[in-house]
Amino acid sequence: MEAVVLVGGQGTRLQPLTLRTPKPMLPFAGVPFLTHQITRLHAAGVEHIVMATSYRAEVFHEYFGNGRDLGVRIDYVTEVEPMGTAGAIRNVAKRLESGPEDPVLIVNGDILSGHDIRAQLEVHRRRGAAVTLHLVEVEDARAFGCVPTDSHSRVTGFIEKSDKPVTNRINAGCYVFTRDVIDRIPADRPVSVERETFPELLEAGAIILGYVDTSYWLDVGTPAAFVKGSADVVTGVVETYALPGPVGEALILDGAVVHAGARISGGSVIEPRVKIDAGAQVTRSVIADGAHVAAGAVVEDSIVGRRAEIGPKARLYGVVVGEGAQVGAGNELANGIRIWTDATIPDASIRFTPLP
Ligand code: GDD
Ligand code: MG
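Bear in mind the structure is a predicted one, so any value in this text is a computation, not a measurement.

The next thing to look at is the coordination of the magnesium ion (ligand 2). For the magnesium ion (ligand 2), every protein donor is listed as Asp-110 (OD) and Asp-219 (OD), and the spread of their distances is 2.0 to 2.3 Å. In this pair, Asp-110 is assigned in the loop between strand 6 (103-108) and strand 7 (111-113) and Asp-219 in strand 13 (residues 217-219), connecting sequence segments 109 residues apart. The class for Asp-110 is buried, based on a relative accessible area of 8%. Residue class for Asp-219 comes out partly exposed when judged on its relative accessible area of 21%.

Written out as structure tokens, the structure is:
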């Protein structure tokens, strides 16, 4: 079984953390996010993975190499200019080994999902579909691809990111494509699978099926989702094959120094070389390699980048702190604020007051 993983996006919503590191390589529950996906694909019977890279392509290859450590074979195909989601799929076709009638799995590189990949493949095979999409239901569908289906699970439309979603059933970013459908995507220009390929296949009467599954699902592409997903893995809300420690309130990696009087909870991750001082409270957050959280600081639902410094009694709620940034003592930051790489916030210079 083969899979294509789409990892060429720029991860703008997670900047500044993604300025040097592509989104799928950000540390997530103790390992690069993609490790969770690769091990899940492997467990579902995937032996060969082709990574469709573009932005910061070298980072993937340097870390995963030929994939042997994870029990898979990984090939990399890099787009010179981003080719869009379908363009990227078409662009890797030359590395696929499947025959024209074989199913090929395609996954977005930022999806944390507990769904049954084998069952999705089985539905695709049994009903001879051209494409079978994993679908999930969300409360607010506006940020996703909306996918209405009929009573036989046939997809009847595909509307990417609409202000007035026609259904809360959305594209979950994991597809089975019959190989020859991939070969028919135009090869010479950027193409969007969501805006072009799916609508055109539907128009042409192709069998596109929806595979609805209600297990855990999350797109980790925003800071809030990223910290939630990481915490959910650490606390065992969703299982993965790549958690480098036991499930629990916190994942404290070797080489981190956490004062006995600090409180780490909610599925937080404390990476190597991190120092957490007395009285600090870290909840549902990721504290990356070499960062320092000083005495009495509070960090909730936040990502603190490598080597960043959080000063004494600073309070962070839902914040991203870029690599090497310094948040001075006593600051209070909240609600999606992003501190840029190497920036400095002087002591006691920002207070947050929620609007009434
Ligand atoms: N190789 C390559 N080239 N990869 C790309 C490109 C490209 O030009 N553009 C995007 N990608 C990759 C991203 O790295 C990511 O893994 C995946 O394609 C999806 O891109 P996102 O930027 O994360 O899209 P989204 O989250 O807004 O929407 C997509 O995912 C939703 C589910 O999470 C769409 O597929 C929606 O329909 C879907 O609901
Ligand atoms: Mg996404």
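Back to the text.
The next subject is the domain arrangement of the chain. As far as domains go, the chain holds domain 1 (2-219) and domain 2 (249-345). Summarising the inter-unit geometry, the C-alpha centres of domain 1 and domain 2 are found 33 Å apart. The partner domain 2 presents 18 residues to the 12 residues of domain 1 that form the contact. Taken together, the two surfaces of domain 1 and domain 2 that pack against each other cover about 1100 Å², and 60% of this comes from carbon and sulfur. Put simply, domain 1 and domain 2 have 1 salt bridge between them. As a salt-bridge pair, Arg-20 and Glu-323 come within 2.9 Å of each other at their nearest N and O atoms. When the residues that make up the side of domain 1 that touches domain 2 are grouped by side-chain class, the tally is 6 nonpolar, 4 polar and 2 charged.

Our next topic: empty space enclosed by the protein. Leftover empty space is mapped by rolling, across the atoms, a probe with the size of a water molecule. In the structure shown here, the tally under the stated rule is 2 cavities of 30 Å³ or more. Size it by volume and the largest cavity reaches roughly 140 Å³. Breaking the lining of the largest cavity down by element, the ones donating at least two residues are helix 1 (33-43), strand 6, strand 7 and strand 11 (169-178). When residues in the lining of the largest cavity are grouped by element, the largest group, 4 residues, is from helix 1. A per-class count over the lining of the largest cavity returns 6 nonpolar, 6 polar and 1 charged. Here the second largest cavity is characterised by a volume of approximately 90 Å³. Here the lining of the second largest cavity is built from residues that sort into 7 nonpolar, 2 polar and 2 charged. Both domains that furnish three or more residues to the lining of the second largest cavity are identified here as domain 1 (2-219) and domain 2 (249-345).

Bringing the site of ligand 1 into the picture now. Near ligand 1, the surroundings consist of 27 residues, among which Leu-6, Glu-160, Asn-171, Glu-194 and Asp-219 are the closest. Relative to its unbound accessible area of 740 Å², ligand 1 is 89% covered by the protein chains. Under a 2 Å grid-point criterion requiring more than half of the atoms, the pocket assigned to ligand 1 is the largest pocket. Listed by contribution, the elements that provide at least two residues to the shell around ligand 1 are helix 3 (84-91), strand 11 and strand 13. Counting residues per element, the shell around ligand 1 draws most heavily on helix 3, which supplies 3 residues. In terms of residue class, the shell around ligand 1 is built from 11 nonpolar, 8 polar and 8 charged.

Here Lys-23 shows up in the loop between strand 1 (2-6) and strand 2 (27-28). Engagement of the side chain of Lys-23 in a polar contact is seen with the side chain of Asp-110, the distance being 2.9 Å. Setting aside residues up to four positions removed in sequence, Lys-23 forms contacts with Gly-11, Arg-13, Leu-14, Thr-18, Phe-33, Asp-110 and Gly-221.

What counts as what
- Starting from 1, residues in each chain are numbered consecutively following that chain's sequence as written.
- Whichever chain is written first becomes A and whichever ligand is written first becomes 1, with later ones labelled in order.
- It should be noted that, the model being predicted, local features are given only for residues of pLDDT at least 70 and side-chain atom pairs only at 80 or more, the latter also being counted only at that level, while totals for whole chains, interfaces and linings use all residues.
- Each side-chain value is derived from all of the structure's non-hydrogen atoms; neither hydrogens nor water enter the calculation.
- Donor atoms: N, O and S within 2.8 Å of the metal, or within 3.2 Å for Na, K and Ca. Because water is excluded, sites can look incomplete.
- By definition, any uninterrupted DSSP run of H or I lasting at least four residues is a helix, any uninterrupted run of E lasting at least two residues is a strand, and each is numbered from the N terminus.
- Remark: exposure states derive from per-residue accessible area (1.4 Å probe, protein chains only) relative to the maximum for the residue type, with buried under 20%, exposed over 50%, and partly exposed in between.
- An automatic or database domain assignment supplies the start and end points of every domain.
- We call two residues contacting when some pair of their heavy atoms lies within 4.5 Å.
- Here's the idea: put two parts together, see how much 1.4 Å probe accessible area each one loses, and the total over both is what we call buried area.
- We define a salt bridge as a side-chain nitrogen of Lys or Arg found within 4 Å of a carboxyl oxygen belonging to Asp or Glu.
- Only Asp, Glu, Lys and Arg are considered charged, only Ala, Val, Leu, Ile, Met, Phe, Trp, Tyr, Cys and Pro nonpolar, and every remaining residue, Gly among them, polar.
- Put simply, the grid is 1 Å and covers the protein atoms alone, a cavity is a trapped set of points that fit a 1.4 Å probe, a pocket is an open set with protein on both sides within 12 Å along at least five of seven lines, and lining residues have an atom within 4 Å of a point.
- Grid points are joined across faces, edges and corners, and a volume is the space filled by probe spheres set on the points.
- Any residue with a heavy atom positioned within 4 Å of a molecule or strand is treated as near that molecule or strand.
- Each accessible area is a Shrake-Rupley result for a 1.4 Å probe, and residues are judged covered by the shown protein chains and nothing else.
- For a cavity or pocket, the test is whether more than half of a molecule's atoms lie within 2 Å of its grid points; if they do, the molecule sits there.
- Counting of polar contacts relies on pairs of N or O atoms within 3.5 Å, with two restrictions inside protein: one atom must be capable of donating a hydrogen and the other of accepting it, and residues adjacent in sequence are counted only when both atoms are side-chain atoms.

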